[in-house]
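Secondary and tertiary structure notes
In case you want the letters, here they are:
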Amino acid sequence: MQALWMILSSLSFASMGVCIKFASSHFNGAEILFYRGVLGIFFMAIYARVVGTPLRTAYPAMHAWRSVVGVVSMAAWFYAISNLPLATAMTLNYMSSIWIAAFLVGGALMLGKSGPKGPRQGPLVLAILTSFAGVVLLLRPAVAQNQSFAALIGLLSGFGAAFAYMQVMAMARLGEPEARTVFYFAVGTTVAGGLGMLLVGISSWDWQHALWLLPIGLLASLGQLTLTRAYSSAAHHGGTLMIANLQYSGVVFAALYGVILFGDNIPLSGWAGMILIMCSAIAATVLRSRAAPNAPAEEH
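Okay, so let's go over this structure.

Rules used throughout
- Residues numbered from 1 in each chain as written.
- Predicted model: local features only at pLDDT ≥ 70, side-chain atom pairs only at ≥ 80, totals over all residues.
- Heavy atoms only, no water.
- Helix = DSSP H or I, 4+ residues; strand = E, 2+ residues; numbered from the N terminus.
- Contact = heavy atoms within 4.5 Å.
- Areas by Shrake-Rupley, 256 points an atom, 1.4 Å probe, with all protein chains shown as cover.
- Expected span 1.5 Å × (residues − 1).
- Core = buried A, V, L, I, M, F, W, Y, C linked by side-chain atoms within 4.5 Å.
- Buried < 20%, exposed > 50% of the residue type's maximum accessible area, 1.4 Å probe, protein only.
- Axes fitted to C-alpha atoms, helices over the stretch in contact; angles between N-to-C directions.
- Parallel < 35°, antiparallel > 145°, perpendicular 65-115°, else oblique.
- Left-handed = near helix turned anticlockwise from the far one by under 90°.
- Nonpolar A, V, L, I, M, F, W, Y, C, P; charged D, E, K, R; others polar.
- Polar contact = N/O pair within 3.5 Å; in protein donor to acceptor, adjacent residues only side chain to side chain.
- Salt bridge = Lys/Arg side-chain N within 4 Å of Asp/Glu carboxyl O.

Helices and strands together make up the secondary structure of the protein, namely 13 helices and zero strands. The secondary structure elements of the protein, listed N-terminal to C-terminal, are α-α-α-α-α-α-α-α-α-α-α-α-α. In the protein, the proportion of contacts linking residues at least 24 apart, taken out of those at least 6 apart, comes to 91%. By element, 71% of the accessible surface of the protein is carried by carbon and sulfur atoms, the whole surface being about 14100 Å².

See below:
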């Protein structure tokens, strides 16, 4: 189920990206961030009530840190999209899975971990690296000389996303339910977006254009909830690297949206990248299930 949660999350975020692409013509980044957070609070409060999850938490500092890291990563991603080719910005942001692999394997090496866990990490890391090679083939990123700063910001967005995901897994080990985690992230997004609007201003309101904001909030909540559930399941049952690898399916969904909705032309190298992504995702799933079907979460 954790694999299905991640695939659903990737589809939700890819769909949200389409809506943001349309909405960004009428609203600035801070406004999109704010309205996404407001709608997320609304949807997640309803969901939490339906499933019977109280919103009171015993770990406010952990939620605050997760929100800060997640919002900074999201803002960096928006900045990269505004100042880089979309293919480049997406590629840099999707390096988060590479960072997660580096954190887990590097942490194990620093702590001198050995035993049955060690050998199993290698093939999974190789699958993630192969998957990222598929992302490069699909998106064909390029950075001009005058875009180096924006490229650095895009790289930091992936780094921050990896930290946010690791924080989600840490909270899952403490028993924090997914609905509560996503709710407080929406609160942090709203606060950050509101502060940004005070600095950059507010666009003129048009209800026809504002209709794009509703699916952004809904898809963001669905994507964040299923993402949190995927990583929480990995924290309890193992499979962190496999879940990180499946995140790349969002690139495939985004590429298909580009072809169908925006008439993007994907060359043979792009289709080869999509095949690499899917094959490496399947390989990671098989490797994990064969190596440790009931293994606990990795220690880090």
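On to helix α7 (residues 148–173), then. In this model α7 runs 38 Å from its N-terminal to its C-terminal C-alpha over 26 residues, within 8% of the 38 Å that 1.5 Å per residue would give. Positive phi shows up at G175, right after α7, with a value of about 90°.

Ranked by internal contacts, the top residues of the largest apolar core, which has 20 residues, are M16, I20, F27, I32, F78, L213 and I216. Leave out the neighbours within four places in its chain, and F27 touches I32, S203, W205, H209, A210 and L213. Formed by 16 residues, the second largest nonpolar core is a distinct cluster that contains I98, I128, L139 and M274.

It is worth spelling out the packing of helix α3 (residues 60–83) against helix α8 (residues 178–200) at this point. Packing of α3 against α8 brings their axes to within 9 Å, and their N-to-C directions diverge by 55°. The angle between α3 and α8 falls in the class oblique. Note that α3 runs across α8; the crossing there is right-handed. Residues H63, R66, S67, G70, V71 and M74 of α3 lie in contact with α8, whose contacting residues are R180, T181, Y184, F185, G188, T189 and A192. Residues belonging to the contact of α3 with α8 are distributed by class as follows: five nonpolar, six polar and two charged.

For the rest of this paragraph, the subject is the environment of L268. One can find L268 in helix α13 (residues 268–291). A sequence separation of 130 residues divides L268 from L138, and the C-alpha atoms of the two residues are 8.9 Å apart.

This paragraph deals with the side chain of S67. Here S67 lies in helix α3. Owing to a relative accessible area of 7%, S67 belongs among the buried residues under this scheme. At a separation of 3.1 Å, a polar atom in the side chain of S67 contacts the main-chain carbonyl oxygen of Y184. With residues near it in sequence (within four places) discarded, S67 still touches Y184, F185 and G188.

Here we come to α8. In an α-helix, one turn spans 3.6 residues; hence positions three or four apart end up facing the same way. With 23 residues, α8 ought to run about 33 Å at 1.5 Å a step, and its terminal C-alpha atoms sit 32 Å apart, in line with that. G201 sits one or two positions beyond α8 and adopts a positive phi of about 95°.

Tallied over the entire structure, the rule returns one salt bridge. A salt bridge links R180 to E176; the nearest nitrogen and oxygen atoms lie 2.6 Å apart. Both residues of the pair, R180 and E176, belong to the buried class.

This paragraph deals with the environment of F185. Residue placement: F185 occurs in helix α8. Residue classification places F185 among the buried positions, given a relative accessible area of 5%. Ignoring any residue separated from it by four or fewer positions in sequence, one finds F185 in contact with R36, R66, S67, G70, V71, M74 and Q224.

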